[in-house]
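# A closer look at the structure
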Amino acid sequence: MSDSTSDCTKPYTAVTEAEVEALVRGICFKTGPPRRLGVEVEWIVQELRAPRLPVTTRRLEAAYAALRAVPLRSALTIEPGGQLELSSPPAASLMECIGTVSADLDAVRAVLARDDLGLVGVGQDPWHPPRRFLRDPRYDAMETCLDRTGPAGRAMMCTSASVQVCLDAGHEEPGPLGLGRRWWLAHQLGPVLVAAFANSPLAAAEPTGWLSTRQLLWMEIGPDRAGAPPLDMDPRTAWAGHVLDAPVMCVRQDSGPWDVPEGLTFREWTRSRTPRPPTREDLDYHITTLFPPVRPRGHLELRMIDAQPGDDGWIVPLAVTAALFDDPEAAETAYRIVKPLAERGLSLPAPHNPLWLDAARQGLGDPELHETAVACFATALDALPRLGATTEVTDAVRGYRDRYVVPGRCPADDLLDHLRATDGRAHGKDSRT
């Protein structure tokens with residue numbers, strides 16, 4: 001959500017349709033041996049003494065002003081609703097990535113605690129309605145655009161949080177670490193990660209009927225903005241076509257509000273050249289306004305995992321995902337494990353197919369997803385020592401497996417159990433299902 005490029009739309013060097021396709025193919029998939037790993041962790045900022053009370057705008061502004069003075073290795077950004085995001089630099093190993101982000105989070109929490117604020121890991125704010133914190137042309141335009149498809153866009157902007165794992169695209173050649181295999185695996189393993197780490201069953205303090213309401217929001221935004229391209233073709237060809245045929249969210253201006261066209265694709269913009277010819281900078285910006293579950297940005301950004309509870313809960317999905325992609329033996333095993341799930345997608349792009357819907361709604365209550373998750377966690381646990389994971393990290397993954405995966409649960413079930421215990425309410429049903 002906090003992706004950005006320069007607001008300046010100069011120089012006005014127009015790009016043609018053919019140039020756009022060539023640029024997308026060249027910049028979005030950079031191949032080579034998987035050597036780098038990253039993670040982006042988003043958090044809801046809350047009052048430590050009264051978590052159900054909204055944090056005022058004044059207190060958030062003061063907290064972020066203090067945080068900007070803290071030296072961090074990770075990039076600190078702010079989401080439209082005031083959520084906090086740390087984006088790690090590319091790391092040479094899993095443990096380097098964990099060490100960097102853990103140290104930065106310790107520093108951030110220490111500053112927030114001085115103002116009686118803290119970070120909570122949950123996929124969607126369970127208590128508060130969407131509320132804009134950031135006011136700038138980008139988010140004004142985004143809100144206008146997303147409002148056309150309903151309330152999901154505002155909720156996604158202002159109340160959601162995730163753990164996004166970033167992986168190298170892989171080798172050019174076939175094989176378990178090849179680009180084509182990793183692209184396919186990311187989309188087929190995606191629903192398993194949704195189900196295993198679902199942690200957003202509430203909205204406005206009520207059960208929604210979904211274990212990952214955050215994933216539901218992405219689906220409701222629609223396939224043009226938040227969907228994947230087809231998997232039955234070369235990844236570069238598929239993504240370039242998707243970028244060209246996706247609707248333009250906004251046309252940036254040097255001053256004043258940005259234009260928000262309706263129904264204008266980037267392909268049509270290159271042909272019509274109105275309201276002005278699109279530039280390379282417009283293309284770069286357009287790509288940041290697309291939110292598929294797997295987004296190629298030179299590397300692969302896996303965006304489907306809900307934010308996790310606990311100070312270090314984010315480490316488990318990071319470690320599991322890294323193990324299943326970057327260890328060759330584990331990647332081959334994971335491919336075989338998830339392959340039977342593919343037919344449940346009915347050849348429809350993620351996440352707008354039955355498999356992803358079942359993962360978001362039922363989590364590991366779905367028998368096939370449960371069986372697959374158990375096998376994937378076992379594979380990851382075997383691989384983690386080969387990636388240099390410490391005993392502490394491996395034990396955290398094992399503990400998560402034993403607490404959640406083996407019994408067929410996820411953190412969302414804990415939130416629902418707590419709600420039942422305090423309010424006596426049962427798991428509700430969403431009227432949209």
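Residues numbered from 1 in each chain as written. Predicted model: local features only at pLDDT ≥ 70, side-chain atom pairs only at ≥ 80, totals over all residues. Heavy atoms only, no water.

## Some details on the pairing of strand β9 (residues 299-306)
The condition is simple: Each residue is placed in one exposure class: buried if its accessible area under a 1.4 Å probe, protein chains only, is under 20% of its type's maximum, exposed if it is over 50%, and partly exposed if it falls in between. Labels follow the DSSP assignment, with helices taken as runs of H or I lasting at least four residues and strands as runs of E lasting at least two, numbered in each case from the N terminus. Paired strands, as defined in this entry, are two strands with at least two bridges between them according to DSSP.
With seven of eight residues buried, β9 is to be regarded as a mostly interior element. Examined bridge by bridge, strand β5 (residues 162-168) and β9 share six bridges and lie antiparallel to one another. Pairing of Asp 168 across the sheet is with His 299, part of β9. Sheet topology note: the strand β8 (residues 294-296)/β9 ladder contains three bridges and is antiparallel. From the neighbouring strand, Arg 295 faces β9, where its bridge partner is Glu 301. Two successive antiparallel strands, β8 and β9, enclose a turn made up of two residues, where Gly 298 displays a positive phi of approximately 90°.

## Structural notes on the packing of helix α12 (residues 315-326) against helix α16 (residues 391-405)
Worth spelling out the cut-off: Between N-to-C directions, angles span 0 to 180 degrees; the directions come from axes that are lines fitted to C-alpha atoms, helices contributing only their stretch in contact. Note that the term roughly parallel is reserved for angles under 35 degrees, roughly antiparallel for angles over 145, roughly perpendicular for angles of 65 to 115, and oblique for everything else. Whether two residues touch is decided by their heavy atoms; if any such pair falls within 4.5 Å, the residues are in contact. By the convention adopted, Pro, Cys, Tyr, Trp, Phe, Met, Ile, Leu, Val and Ala count as nonpolar, Lys, Arg, Asp and Glu as charged, and the other residues, Gly among them, as polar.
Direction vectors running N to C along α12 and α16 enclose 100°, while the axes themselves pass 9 Å from each other. The pairing of α12 with α16 is recorded here as roughly perpendicular in orientation. In this structure, α12 contributes Ile 315, Val 316, Ala 319 and Val 320 to the contact, and α16 contributes Val 393, Ala 396, Val 397 and Tyr 400. Here the contact of α12 with α16 is composed, by residue class, of eight nonpolar, no polar and no charged.

## Describing the packing of helix α6 (residues 179-196) against helix α13 (residues 328-338)
Heads up, the condition is: Should the near helix be turned anticlockwise from the far one by less than a right angle, the crossing is left-handed, and should it be turned clockwise, the crossing is right-handed.
One way to put it is that α6 packs onto α13 with a least axis distance of 10 Å and a crossing angle of 55°. In terms of orientation, α6 and α13 fall into the oblique class. You can see that α6 and α13 cross each other, and the crossing is left-handed. Of the residues in α13, those touching α6 at Arg 181, Trp 184, Leu 185, Gln 188, Leu 189 and Val 192 are Ala 331, Glu 332, Ala 334, Tyr 335 and Val 338.

## Things to note about the environment of Ala 50
Topologically, Ala 50 is positioned in the loop between β1 (37-47) and α2 (57-67). Along the chain, Ala 50 and Asp 116 lie 66 residues apart, while their C-alpha atoms are 9.6 Å from each other.

## Details of the environment of Tyr 400
With respect to the helices, strands and loops of the structure, Tyr 400 is situated in helix α16. The exposure class of Tyr 400 is buried, given its relative accessible area of 8%. Along the backbone, Tyr 400 and Pro 89 are 311 residues apart, and their C-alpha atoms lie at a distance of 26 Å. With residues near it in sequence (within four places) discarded, Tyr 400 still touches Ala 196, Phe 197, Gln 308, Val 316, Phe 377, Val 405 and Pro 411.

## A word on the state of the cysteines
Just so we agree on the cut-off: When two cysteine sulfur atoms lie within 2.5 Å, the pair is treated as a disulfide.
Summed over the entire model, instances satisfying the criterion amount to zero disulfides. Take Cys 97: it sits in no disulfide, and the sulfur closest to it among the cysteines is that of Cys 166, at 8.7 Å.

## Quick notes on the pattern of salt bridges
The condition that has to hold: Salt bridge, as applied in this entry: a Lys or Arg side-chain nitrogen positioned within 4 Å of an Asp or Glu carboxyl oxygen.
Scanning the model with the defined rule gives 32 salt bridges in all. The shortest N-O distance in the salt bridge between Arg 344 and Asp 358 comes to 2.8 Å. Of this pair, Arg 344 sits in the loop between α13 and α14 (354-362) while Asp 358 sits in helix α14, and the two are 14 residues apart along the sequence. Asp 417 is the salt-bridge partner of Arg 420, the closest N and O atoms lying 2.8 Å from each other. Of this pair, Arg 420 and Asp 417 both sit in helix α17 (residues 411-423), separated by three residues, roughly a single helical turn. We classify Arg 420 as partly exposed; its relative accessible area is 32%. By relative accessible area, which is 35% here, Asp 417 ends up partly exposed.

## Side note on the confidence of the model for the protein
Defined as follows: pLDDT gives the predictor's per-residue confidence on a scale running from 0 to 100.
Looking at the protein as a whole, its pLDDT mean stands at 94, while 95% of the residues score no less than 70. Counting interchain partners and residues more than four positions distant, the pLDDT-below-50 stretch residues 4-9 has 15 contacts. Taken as a whole, residues 427-433 scores under 50 in pLDDT and shows 19 contacts with residues more than four places along the chain or in a different chain.

## Observations concerning α14
Let me state the cut-off plainly: Pairs of N or O atoms are called polar contacts if they sit within 3.5 Å, as long as, within protein, a hydrogen donor faces a hydrogen acceptor (for residues adjacent in sequence, only side-chain-to-side-chain pairs).
Along α14, the residues classified as buried are Leu 355, Trp 356, Asp 358, Ala 359 and Ala 360. Check the buried side of α14 and you find it contacts α6, α7 (213-221), β9 and α15 (367-383). For α14, the N-terminal cap is Asn 353; the gap from its side-chain oxygen to the backbone nitrogen of Leu 355 is 3.1 Å. Positioned one or two residues after α14, Gly 363 has a phi angle of 60°, which is positive.

## What about helix α11 (residues 280-288)?
Within α11 the residues assigned to the buried category are Asp 282, Leu 283, Tyr 285, His 286, Ile 287 and Thr 288. Looking at the buried positions of α11, the neighbouring elements they touch are α1 (17-27), α4 (137-147), α9 (235-245), α10 (266-272) and β8.

## Topic: the side chain of Thr 100
One can find Thr 100 in helix α3 (residues 94-113). With residues up to four places along the chain from it excluded, the contact list for Thr 100 reads Arg 73, Ser 74 and Pro 89.

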